[in-house]
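Descriptive structure summary
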Amino acid sequence: MSIDERSALIIVDVQNDFLPGGALAVSEGDGVIPVLNRYIERFEGEGGAIYATRDWHPEGHSSFASEGGMWPRHCVQGSKGAAFDYRLALPAGTPIVSKGTESDKEAYSGFQGTHLAETLRERGITRLYVGGLATDYCVKNTVLDGLQNGFETFYLADAAKGVEVNAGDVANAEREMIDAGAVATTLDDLANGHD
Ligand code: VGL
Ligand code: ZN
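Scoring rules and cut-offs
Starting from 1, residues in each chain are numbered consecutively following that chain's sequence as written. The lettering of chains begins at A and the numbering of ligands begins at 1, in the order of writing. The predicted nature of this model means local features are confined to residues of pLDDT at least 70 and side-chain atom pairs, given and counted, to a pLDDT of 80 or more, with totals for whole chains, interfaces and linings taken over all residues. By convention in this description, side-chain values take in all heavy atoms of the structure and omit both hydrogens and water. Strand pairing requires that DSSP identify at least two bridges connecting the strands. Numbering of helices and strands starts at the N terminus; helices are DSSP runs of H or I of at least 4 residues and strands are runs of E of at least 2. An axis is simply a line fitted to the C-alpha atoms; with a helix, the fit covers only the stretch in contact. Between two such axes, the angle follows the N-to-C directions and lies from 0 to 180 degrees. Any two residues whose heavy atoms approach within 4.5 Å at even a single point are treated as in contact. Think of it in three bands: residues with accessible area under 20% of the maximum for their type are buried, residues over 50% are exposed, and the middle band is partly exposed, with areas taken using a 1.4 Å probe on protein chains only. The directions considered for the arc are those from the helix axis to the C-beta atoms. Donor atoms: N, O and S within 2.8 Å of the metal, or within 3.2 Å for Na, K and Ca. Because water is excluded, sites can look incomplete. Note on geometry labels: four donors, all angles 85 to 135 degrees, give tetrahedral; four donors become square planar and six octahedral when opposite donors are over 155 degrees apart and every other angle is between 65 and 115; remaining cases are irregular. Side-chain atoms alone can form a polar contact between residues adjacent in sequence; in general such a contact is a pair of N or O atoms within 3.5 Å, and within protein one must be able to donate a hydrogen while the other accepts it. To be near a molecule or strand, a residue needs just one of its heavy atoms within 4 Å of it. Think of it as three bins: nonpolar holds Ala, Val, Leu, Ile, Met, Phe, Trp, Tyr, Cys and Pro, charged holds Asp, Glu, Lys and Arg, and polar takes everything else, Gly as well.

**Details of the sheet that holds strand E5 (residues 152–161)**
To summarise the sheet geometry, strands pair through backbone hydrogen bonds and adopt either a parallel or an antiparallel arrangement. Strand order in the open sheet formed by six strands is E3-E2-E1-E4-E5-E6, and the pairing between neighbours is parallel. In the strand order of this sheet, the two ends are held by strand E3 (96–99) and strand E6 (183–185), each with one partner. Put simply, the sheet's adjacent strands are angled 25° from each other on average, direction ignored. As defined by bridge partners, strand E1 (residues 7–12) adjoins strand E2 (residues 49–55) across five bridges and the pair is classed as parallel. Within the sheet, the bridge partner assigned to Ile 10 lies in E2 and is Tyr 51. The sheet strands contacting helix H1 (residues 32–46) are E1, E2, strand E4 (127–133), E5 and E6, and the helix crosses E5 at an angle near 140°. Each of E1, E3, E4 and E5 touches helix H3 (residues 135–148); the most contacted strand, E4, lies at about 170° to it.

Right, here's the structure in full:
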């Protein structure tokens, strides 16, 4: 079994602010870009769907340190920091899922406060392949919500990087996803049909 029209690649938050030089940079976060581009090629070639999520906060979002939150100001709607990295080869027309758009609500998951689950179901999607930034926040929560919503959910272990606020956060996040029923996979696994 491999990628088909019931499969969706979910690219999480590959935005300038989460990349080196950005406001909330994930160390070596740009390393996921060439790998995600290869997944994009595979999904395009094999008829899979592709979605991209973005963190899309209003000014003064409650997650910002200025408001007592735990993060520096990041991914403000329309800012350069909120834009996708130019190297990410999103096909024209890729649906964009904006989250964290309400001032007083944190939304680490692409499903939270969005219509992603319904959209995927309406399209007949049953399997999700989730990668991007950051493993220990938005990737993890998107994977967990994917499972919660009844999708067979794969974690792209070679195409995700974490913030690691505390040492071990990424390893813990990976364990949590697997324990919840996610399957860790890589490009090689897909090529060899292990999924
Ligand atoms: C994220 C921290 C704050 C993420 C978003 O995309 O993982 N992390 N907002
Ligand atoms: Zn955020």
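After that view, the rundown keeps rolling.
**Brief notes about helix H4 (residues 169–179)**
Within H4 the residues assigned to the buried category are Asp 169, Val 170, Ala 173 and Met 177. Angularly, the buried residues of H4 cover 95° about the axis, an arc narrow enough to put them on a single face. In the stretch just after H4, Gly 181 is the one whose phi turns positive, near 115°.

**As for the coordination of the zinc ion (ligand 2)**
Protein ligation of the zinc ion (ligand 2) involves Asp 55 (OD), His 57 (NE2) and His 74 (NE2), the donor distances falling in the range 2.0 to 2.2 Å. Every donor counted, the four donor atoms about the zinc ion (ligand 2) form angles of 86 to 168° at the centre, which fits irregular coordination. Sequence positions of the residues that donate to the zinc ion (ligand 2) give the spacing D-x1-H-x16-H. The burial state of Asp 55 is the same as that of His 57; both residues are buried.

**Thoughts on the environment of Ser 98**
Following the sequence through the fold, Ser 98 ends up in strand E3. When its relative accessible area of 22% is taken as the criterion, Ser 98 is described as partly exposed. If we ignore the near neighbours within four places in the chain, the residues touching Ser 98 are Arg 54, Trp 56 and Thr 114. In terms of polar contacts, Ser 98 uses its side chain to reach the side chain of Arg 54, at 2.8 Å.

**A word on the site of ligand 1**
Taken together, Asp 13, Phe 18, Leu 24, Asp 55, Trp 71, His 74, Tyr 108, Leu 133, Ala 134, Tyr 137 and Cys 138 make up the full set of residues near ligand 1. For ligand 1, a nitrogen atom lies 3.0 Å from a polar atom in the side chain of Asp 55. One of the backbone nitrogen or oxygen atoms of Ala 134 is found 3.1 Å away from an oxygen atom of ligand 1. In the shell around ligand 1, the residues fall into eight nonpolar, one polar and two charged.

The values reported here are purely geometric and, on their own, carry no functional implication.
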